[in-house]
Amino acid sequence: MPITPKKAADDLKVEKKEAVEEVFIPEEPKWSLDEIILPAEVKAQILDVATYADNAHRVFELWGFKRTHKFSRRIGINLYGAPGTGKTMAAHAIARELGRKILIVNYADIESKYVGETPKNIRKAFEAAKNSNSILFFDEADAILSKRVTNMTQAVDVSVNQTRSVMLMLMNEFQDFIIFATNFIENFDPAFMRRISIHVKFTLPDEECRKKLWRMYTPPEVPNNIDFDELAKKFDGISGSDISNAMLNSAFKAARLKADELDKSLVFEAVENILASKRANAGN
């Protein structure tokens, strides 16, 4: 039977629908609270969020907040701050602490070049989280929670505003955990800011945290002459991700040089390279 243009179009729609649905698959959290190193204040805020489920009965039922806050069982958490500071790891840790899977949504997973498709994909993400009892996590959330277009000149502007409106409606209806992470909280629309009850700022690690991170990312099996106190003091303004990358990069260089141990000079060099790239990216 010949394939007609209509059948080809219908088949494409089915394939597209199945591809979108396959994207929204919950997974087991990769990290726990014990595995992430954060400043004490940030860790305390994450613990407050993670114990929400345990305390919900006391707050809503015994203390009567179910009458004064009828539609507040939904809890939106926004993890914001510099890149590489542990926001995604914290989202996984919260889900694990709650004993639930996490459903990760990136804007690339829901964005469609076809006008009107993106809102449908967002609905599918919420439905998938609800049906699987998963924690819904929007990574790089500023891409979807950004300010609405006020001077609409193109069809795409209308589509952007439609997407924002659908997202607001779904957030209002969804009485469960939603976690957002962003490097650019300043791009959030105020309407979304009002609907997110908890905002946790992630900062670059302080000296004590850096010391712990250097230790954590240095396997005990690797021979080395590294002084973790010295490293923590010498380099500030770096993230946990930077520390992880520096250790791995220096280890590969030591292996290439056939060195008997990982010398701290190679680690210094790796960090300097990372800092140089940051300066270049900032235009300095």
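So, how was this worked out
- Starting afresh in each chain, residues are numbered from 1 along the sequence in its written order.
- Reporting in this predicted model follows two pLDDT cut-offs: at least 70 for local features of residues, and 80 or more for side-chain atom pairs to be given and counted; totals over whole chains, interfaces and linings ignore these cut-offs and use all residues.
- Values reported for side chains reflect all heavy atoms of the structure, with hydrogen atoms and water molecules removed beforehand.
- The numbering of helices and of strands both runs from the N terminus, where a helix is a DSSP run of H or I of at least 4 residues and a strand a run of E of at least 2.
- The length a helix should cover is 1.5 Å for every residue beyond the first.
- Type-normalised accessible area, obtained with a 1.4 Å probe on protein chains alone, sets the label of each residue: buried when under 20%, exposed when over 50%, and partly exposed for intermediate values.
- It is the directions from the helix axis to the C-beta atoms whose arc is reported.
- We call two residues contacting when some pair of their heavy atoms lies within 4.5 Å.
- Surface patches are drawn from residues lacking salt bridges whose relative accessible area is over 30%; two like charges belong together within 9 Å, two nonpolar side chains (Val, Leu, Ile, Met, Phe, Trp, Tyr) within 5 Å.
- Accessible surface is estimated by sampling points in the Shrake-Rupley manner with a 1.4 Å probe; for residues, cover comes only from the protein chains shown.
- By definition here, a salt bridge exists when the distance from a side-chain nitrogen of Lys or Arg to a carboxyl oxygen of Asp or Glu is within 4 Å.
- Counted charges follow a simple rule, with Lys and Arg positive, Asp and Glu negative, and His plus the chain ends left uncounted.
- We call two N or O atoms a polar contact when they sit within 3.5 Å, provided that within protein one can donate a hydrogen and the other can accept it, with sequence-adjacent residues counted only if both atoms are side-chain atoms.
- A pair of strands is labelled paired if DSSP reports no fewer than 2 bridges between them.
- Fitting a line to C-alpha atoms yields each axis, with helices limited to the stretch in contact; the angle taken between N-to-C directions then spans 0 to 180 degrees.
- Rotating anticlockwise by less than a right angle from the far helix to the near helix defines a left-handed crossing, while the corresponding clockwise rotation defines a right-handed one.
- We call Asp, Glu, Lys and Arg charged. Ala, Val, Leu, Ile, Met, Phe, Trp, Tyr, Cys and Pro are nonpolar, and the rest, Gly among them, are polar.

1. Concerning helix 13 (residues 240–256)
Right, so step 1: Look at helix 13: 25 Å from first C-alpha to last across 17 residues, which is about the 24 Å you get at 1.5 Å a residue.
Right, so step 2: Of the positions making up helix 13, those classed as buried are G240, D242, I243, A246, M247, S250 and A254. Buried positions in helix 13, seen along its axis, are confined to an arc of 155° and lie on one side of it. Helix 13 presents L248, F252 and R256 as exposed residues on the side facing more than 90 degrees away from its buried surface.
Right, so step 3: The secondary structure elements touched by the buried residues of helix 13 are helix 11 (207–216) and helix 14 (264–281).
Right, so step 4: Just past helix 13, the residue K258 takes up positive phi, approximately 60°.

2. Focus: a nonpolar patch on the surface
Right, so step 1: Nonpolar side chains collect at one region of the surface, where L62, W63 and F65 lie side by side and expose about 360 Å² of accessible area between them.
Right, so step 2: With respect to the secondary-structure elements, F65 resides in helix 4 (residues 65–68).
Right, so step 3: On the accessibility criterion, F65 (33% relative accessible area) is partly exposed.

3. Some remarks on helix 14
Right, so step 1: Here helix 14 spans 26 Å end to end across 18 residues, near enough to the 26 Å set by a 1.5 Å rise per residue.
Right, so step 2: Residues L266, V267, F268, A270, V271, I274 and L275 constitute the buried set of helix 14.
Right, so step 3: Considering only its buried residues, helix 14 is in contact with helix 11, helix 12 (228–234) and helix 13.

4. A look at the side chain of K87
Right, so step 1: By secondary structure assignment, the location of K87 is in helix 5 (residues 87–97).
Right, so step 2: Buried K87, no salt bridge; nearest opposite-charge side chain is D139, N-O distance 7.2 Å.
Right, so step 3: Reaching out from K87, the side chain makes a polar contact with the backbone oxygen of G81 at a distance of 3.3 Å.
Right, so step 4: Ignoring any residue separated from it by four or fewer positions in sequence, one finds K87 in contact with L79, Y80, G81, A82, A181, T182, N183 and F202.

5. Some thoughts on the sheet that holds strand 3 (residues 135–138)
Right, so step 1: In spatial order, the strands read 2-3-4-1-5; together these 5 strands make up an open sheet with parallel pairing. Edge strands, defined here as strands with exactly one partner in the open sheet, are strand 2 (102–105) and strand 5 (198–202). Strand-to-strand twist in this sheet, taken as the mean axis angle between neighbours without regard to direction, amounts to 20°.
Right, so step 2: Bridge count between strand 1 (residues 75–81) and strand 5: 5 bridges; the pairing is parallel. Each residue of the ladder has a partner; that of L79, found in strand 5, is V200.
Right, so step 3: Across the face of the sheet, helix 5 comes into contact with strand 1, strand 2, strand 3, strand 4 (177–182) and strand 5 while running at roughly 155° to strand 1.

6. Some words on the packing of helix 11 against helix 13
Right, so step 1: Where helix 11 meets helix 13, the closest approach of the two axes is 9 Å, and the angle between their N-to-C directions is 35°. In this structure, helix 11 crosses over helix 13, and the sense of that crossing is right-handed. Within the contact between the two elements, helix 11 uses R210, L213 and W214 and helix 13 uses G240, I243, A246 and M247.
Right, so step 2: Looking at the contact of helix 11 with helix 13 residue by residue, the class counts come to 5 nonpolar, 1 polar and 1 charged.

7. Remarks on unusual backbone geometry
Most peptide bonds take the trans form, and the phi angle of most residues other than glycine is negative.
Right, so step 1: One non-glycine residue, N133, lies in the positive phi region at around 55°.
Right, so step 2: At E140, a position not held by glycine, the phi torsion is positive, near 50°.
Right, so step 3: Looking at the secondary structure, you find E140 in the loop between strand 3 and helix 8 (142–145).
Right, so step 4: Residue class for E140 comes out exposed when judged on its relative accessible area of 53%.

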